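# Structural features, examined
Okay, here's what each chain looks like letter by letter:
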Amino acid sequence: MTNAPIIFENPLRYLHDFLNRRDYSKIFVLVDENTSQHCLPLLLEHLPDFSLQRIEILAGEEFKTIETVCRVWDFLSKSKADRNALLINLGGGMVTDLGGFVASTFKRGIDFINIPTTLLAMVDASAGGKNGVDFDGLKNQVGTFTQPEMVLIEPSFLFTLDQRQLLSGLAEMLKHGLIADAHHWNNLIRLEVYNAETLKKHIRDSVEIKLKIVEEDPHEKGLRKILNFGHTVGHAIESEFLQSSNALLHGEAIVIGMMIEAVMSCQQNLISDEELKLILDGFAKIYSHQSVLREEDIPKFLRWMQHDKKNRLHELRFSLLQKIGEACFDVKADENMLRKAITAYNAYVAPNHLH
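Reference entry: report on the structure contained in this document. (Residues numbered from 1 in each chain as written. Predicted model: local features only at pLDDT ≥ 70, side-chain atom pairs only at ≥ 80, totals over all residues. Heavy atoms only, no water.)

## Examining the pattern of salt bridges
- Within this structure, the stated rule accounts for 23 salt bridges.
- The shortest N-O distance in the salt bridge between Lys323 and Glu326 comes to 3.8 Å.
- Note on Lys323: relative accessible area 40%, which makes it partly exposed.
- Judged by relative accessible area, Glu326 falls into the partly exposed class, the value being 35%.
- The residue Glu335 makes a salt bridge to Arg339 at a minimum N-O spacing of 3.2 Å. One end of the pair is Glu335 and the other is Arg339, both in helix H14 (residues 335-349) and four residues apart, which spans about a single turn. (Salt bridge = Lys/Arg side-chain N within 4 Å of Asp/Glu carboxyl O. Buried < 20%, exposed > 50% of the residue type's maximum accessible area, 1.4 Å probe, protein only. Helix = DSSP H or I, 4+ residues; strand = E, 2+ residues; numbered from the N terminus.)

Given below as structure tokens:
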């Protein structure tokens, strides 16, 4: 499964020309409340010759559900969308994941185009052809591997993001460096400020690192699993915190997951103490206020992890680091090791710890 073309140069002009060449019966654009207000006007400005029907959904991971999918299917059905219709997904990873799932299943599949509007979606959801929704509180439990017609990377959308959202996206870029390209990690860690301007030139590097991995292993049978570094623990933390009033953004949870899984890599003698310190200090420099995890929540995190798609025969499997810039996958770990890693992480981020 070859990845869809990812367009970096004049993407909205490219889209206009593409739509001129194709004869779609109807064009729909899926947005959430935020992208409807902040991003849709720019898209429409570049597509004055086309009639687009807007489908608006509620913003937030808690609405990435089969119920939302049913509402979008219903809208398409009532609007008499046929197999020659096109769905443009304009939004963050929640919109592109859900929209891709809707398009890949409606009428057994209609064309779709992803226009990620958050840094996280540009560097993560844009490449790989994964679509899906959360089910029963569990992340991405139902989905498809289907490629969009194309992915458009328009950096001007980044100016609509606040700092918290930008840093959430940066987490995935840092992950790409840690698992596959030490140079990329170092370039990002060395930045003095993190904003739409300073990160713009590093987006393509991140996307290309991910693409290389995905093209080697499109269906996650082996190497692609290294992209899950930080996610086994991170998804569990994200799911648990979603139940509370203190919800974390995806990237925020993944940073905690990466720090804990870096500790586990050291516990397994895969990386040295020196490398672990470089990694933890790198994260602490950017994400200065990390949550301390409560001991009593560890069984809850474990329950979420039992549903992780990488597990085999109820054994927890992790993708861990071998050095900065290299990772391995299918590493077994038990509850005891996880507890020790969380304790070490807590000791590092506790307020009395002097960085």
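Now that the structure has been shown, we can carry on.
## Comments concerning helix H10 (residues 231-242)
- An ideal rise of 1.5 Å per residue puts 16 Å on twelve residues; H10 measures up with 15 Å between its terminal C-alpha atoms.
- Counting buried residues in H10 gives eleven out of twelve residues, a clear majority hidden from the surface.
- Among the residues of H10, His231, Thr232, Val233, Gly234, His235, Ala236, Ile237, Glu238, Ser239, Glu240 and Phe241 are the ones counted as buried.
- For H10, the elements touching its buried residues are strand S7 (138-145), helix H7 (163-180), helix H11 (250-267), helix H13 (298-305), strand S9 (317-323) and H14. (Expected span 1.5 Å × (residues − 1). Contact = heavy atoms within 4.5 Å.)

## A closer look at the environment of Thr144
- Relative to the elements of secondary structure, Thr144 occurs in strand S7.
- As for Thr144 and His184, which are separated by 40 residues in sequence, their C-alpha atoms are 30 Å apart.
- With residues near it in sequence (within four places) discarded, Thr144 still touches Phe101, Ser104, Thr105, Gly129, Lys130 and Asn131.
- A polar contact is formed between the side chain of Thr144 and the side chain of Ser104, at a distance of 2.9 Å. (Polar contact = N/O pair within 3.5 Å; in protein donor to acceptor, adjacent residues only side chain to side chain.)

## As for the packing of aromatic side chains
- In this structure the tally under the stated criterion is five aromatic pairs.
- With 6.4 Å between their ring centres and 45 degrees between their planes, Phe18 and Tyr24 make a pair best called tilted. Just as Phe18 is buried, Tyr24 falls in that class too.
- Judged by centre distance (5.5 Å) and plane angle (70 degrees), the ring pair of Trp185 and Phe283 falls under edge-to-face. Here Phe283 lies in helix H12 (residues 273-286) and Trp185 lies in helix H8 (residues 182-189), a separation of 98 residues in the sequence. Each member of the pair, Trp185 as well as Phe283, carries the same accessibility label: buried.
- An aromatic cluster is present here, built from Trp185, Phe283 and Tyr287 joined pairwise through their rings. (Phe/Tyr/Trp six-rings, centres within 6.5 Å; stacked < 30°, edge-to-face > 60°.)

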